[in-house]
Amino acid sequence: SGSFSAGLFPEEIAWTAAGQQILAGFVSDSSSGTVTVFDAAGQVLETIFLPDPFEFGSCFPFGVVAAPDQERVYVGTLDGSGNIYALDTATLEVREDETLNVPGGHGRLAFFGRTLVVPVTEYDPSFTSSEARVVFVDPAHPFSALTVPIPSGATFPSAQDVAVRCDGRVFLAGVFLGARIHVLDARTPSYVGWFPSTTSGGLHQGLALSSHGLLAVADYASEEIAFVDWWTEQGLDLVDHTALPDVHSDPEELVFSKDGEKLWAICNG
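## A word on the overall build of the chain
- What the chain contains, in helices and strands, is zero helices and 24 strands.
- At 18 Å, the chain has a C-alpha radius of gyration in line with the 18 Å of a compact globule built from 269 residues.
- Of all intrachain contacts in the chain linking residues separated by at least 6 positions in sequence, the fraction that spans at least 24 positions is 42%.
- Positive and negative charge centroids in the chain, built from 11 and 35 side chains respectively, lie 9 Å apart.

Take a look at the structure:
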C-alpha cells in the first residue's frame, strides 16, 4: 500500500495487463490536462500532456479505457472539442494521428470487442439545453460511428457511465435521465429500453458489473447504491449512505473486485 502524486483533480484509472499481470495504470488528471502513468509497484513512469486546442489550460480529460489489445489507451475530454485521444502504451505518447472526434463531452468509456462505447453529453451553442446519447465507434474505422439518442424529457440530460455485459447489453447511467437505467444493444447498435434504478434521487454517475451477475448503481443525490440482478434487471437491495457519519457521501464511481465479493465506492463528499 502507499500513495503517489498525480495531476490536479484525478478522475479515473484504466489498467493495462498481460494475462493476470498488471502492466500500468493510467490516471486522467482533469484540471491539469494530463494522464499520469504508473507501474504495478505504484511508481510514476510518465506524465503525458494532452493537447489543449481551445487554450483553456486543459482539455479536461475524464473517461479513460484500455483497448482490448492493450496497445492503446483512449481518453475522453470535457472541453467541448469532442476529441478522444489515443495513447500509445509502449511509447507513452499521444498518437494525434489516431485522435477520434465524438462531438460533446464524454463520460466514462468502455469497450465491447473492438467497439468503443462513448456516453456523450452535448450542449446547444447557447447552453440552454443538452442531449444525451451513446456513440459506438471502432477506432480503426472512425467514420462508421453510430449514434443512439437517449430519451429524456429533461432540459439538461447527461450520459455519465456505461457498463457492458459480455453479450453486448449496455447499461447506461446518467443525470436527469429519470430514476432509470437505460439499456442499449452494442451489437446492433440500438436503444432497447429502461428499467427502474430503484434509487430515490435519480442522479446517477457510476455503474459496475460483478462476476456474480450483479449491477451496482450509484445515486449521489439520494446517497444510495442499488444492487440489481443484471439478467432479470430486477432490483435486489439498497445501501443507504446517509447512515455514515459524513454529512454527505456522494457516491460517484463503483468497482467490483475481480472475484465479485466486494464493491468499492468512491465518494466525492
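## Overview of the environment of valine 73
- Along the chain, the position of valine 73 falls in strand S6 (residues 72-77).
- For the pair valine 73 and glycine 153, spaced 80 residues apart in the sequence, the C-alpha separation amounts to 34 Å.
- Beyond its immediate chain neighbours, meaning those up to four positions away, valine 73 contacts Thr16, Phe26, Val64, Val65, Ala66, Tyr85, Ala86, Leu87 and Thr89.

## A short note on the pattern of salt bridges
- Taken as a whole and judged by the stated rule, the model has 12 salt bridges.
- In this structure, arginine 95 and aspartate 88 form a salt bridge, with 3.8 Å as the shortest nitrogen-oxygen distance.
- Overall, the relative accessible area of 26% leaves arginine 95 in the partly exposed class.
- Note that glutamate 98 is salt-bridged to arginine 95, the shortest N-O span being 3.4 Å.
- By relative accessible area, which is 23% here, glutamate 98 ends up partly exposed.
- Through salt bridges with shared partners, a single network forms among Arg72, Asp88, Arg95, Asp97 and Glu98.

## As for the pairing of strand S15 (residues 158-164)
- Burial within S15 is extensive, with seven of its seven residues counted as buried.
- With six bridges joining them, S15 and strand S16 (residues 169-175) adopt antiparallel strand pairing. Note on S16: the bridge partner recorded for alanine 159 is glycine 174.
- Where S15 folds back on S16, the antiparallel hairpin that results is connected by four residues, among which glycine 168 adopts a positive phi of roughly 95°.

## Examining the side chain of glutamate 253
- By secondary structure assignment, the location of glutamate 253 is in strand S23 (residues 251-256).
- A distance of 3.4 Å separates a polar atom in the side chain of glutamate 253 from a polar atom in the side chain of arginine 108.
- With residues up to four places along the chain from it excluded, the contact list for glutamate 253 reads Glu12, Arg108, Asp161, Gly206, Leu207, Trp264, Ala265 and Ile266.

## Regarding the sheet that holds strand S18 (residues 190-196)
- As summarised here, the arrangement of the four strands in space is S15-S16-S17-S18, forming an open sheet in which the pairing is antiparallel. In this open sheet, the two edge strands, each paired with only one partner strand, are S15 and S18. Between one strand axis and the next, the sheet turns through 30° on average, direction left out of account.

## Quick notes on the sheet that holds strand S19 (residues 204-209)
- An order of S19-S20-S21-S22 is seen for the four strands of this open sheet, with the pairing classed as antiparallel. What marks the edges here is a single partner per strand, and that holds for S19 and strand S22 (234-240). Within the sheet, the average angular offset between the axes of one strand and its neighbour, ignoring direction, is 20°.

## Looking at the nonpolar core
- Judged by nonpolar contacts, the single largest core of 16 residues is most densely connected at Phe26, Val35, Ile48, Leu50 and Leu87.
- Secondary structure elements with two or more residues in this core: strand S2 (21-29), strand S3 (34-39), strand S5 (61-66), S6 and strand S7 (83-88).
- Counting 15 residues, the second-largest nonpolar core is a separate cluster that includes Ala110, Ala159, Leu184 and Ala186.

## Notes on the packing of aromatic side chains
- Enumeration according to the criterion identifies eight aromatic pairs in this entry.
- Their ring planes at 80° and their centres at 6.0 Å tell us that phenylalanine 171 and phenylalanine 195 sit as a pair that is edge-to-face. With a gap of 24 residues between them, phenylalanine 171 in strand S16 and phenylalanine 195 in strand S18 connect regions that are remote in the sequence. For the pair formed by phenylalanine 171 and phenylalanine 195, the shared burial category is buried.
- Ring pairs connect the aromatic residues Phe4, Trp15 and Phe38, which therefore count as one cluster.
- Note that arginine 180 overlies the ring of tryptophan 194, its terminal NZ or CZ placed 3.8 Å from the centroid.

## Some words on a nonpolar patch on the surface
- Together, Tyr123, Phe127, Phe156 and Phe176 give the surface a local cluster of nonpolar side chains, amounting to about 430 Å² of exposed area.
- With respect to the secondary-structure elements, tyrosine 123 resides in strand S12 (residues 115-123).
- Relative accessible area serves as the criterion here: at 41%, tyrosine 123 is assigned to the partly exposed category.

## Topic: the environment of alanine 18
- Within the secondary structure, alanine 18 sits in strand S1 (residues 10-18).
- A sequence separation of 51 residues divides alanine 18 from aspartate 69, and the C-alpha atoms of the two residues are 9.6 Å apart.

Criteria and thresholds
Residues numbered from 1 in each chain as written. Predicted model: local features only at pLDDT ≥ 70, side-chain atom pairs only at ≥ 80, totals over all residues. Heavy atoms only, no water. Helix = DSSP H or I, 4+ residues; strand = E, 2+ residues; numbered from the N terminus. Rg over C-alpha atoms; globule rule 2.2 N^0.38 Å. Contact = heavy atoms within 4.5 Å. Lys, Arg positive; Asp, Glu negative; His and termini not counted. Charge placed at Lys NZ, Arg CZ, Asp CG, Glu CD. Salt bridge = Lys/Arg side-chain N within 4 Å of Asp/Glu carboxyl O. Buried < 20%, exposed > 50% of the residue type's maximum accessible area, 1.4 Å probe, protein only. Pairing = 2+ DSSP bridges. Polar contact = N/O pair within 3.5 Å; in protein donor to acceptor, adjacent residues only side chain to side chain. Axes fitted to C-alpha atoms, helices over the stretch in contact; angles between N-to-C directions. Core = buried A, V, L, I, M, F, W, Y, C linked by side-chain atoms within 4.5 Å. Phe/Tyr/Trp six-rings, centres within 6.5 Å; stacked < 30°, edge-to-face > 60°. Lys NZ or Arg CZ within 6 Å of the ring centre and 35° of its normal. Patch = residues over 30% accessible without salt bridge, like charges linked within 9 Å, V, L, I, M, F, W, Y side chains within 5 Å. Areas by Shrake-Rupley, 256 points an atom, 1.4 Å probe, with all protein chains shown as cover.

Function-wise, these values are silent; they only describe arrangement.
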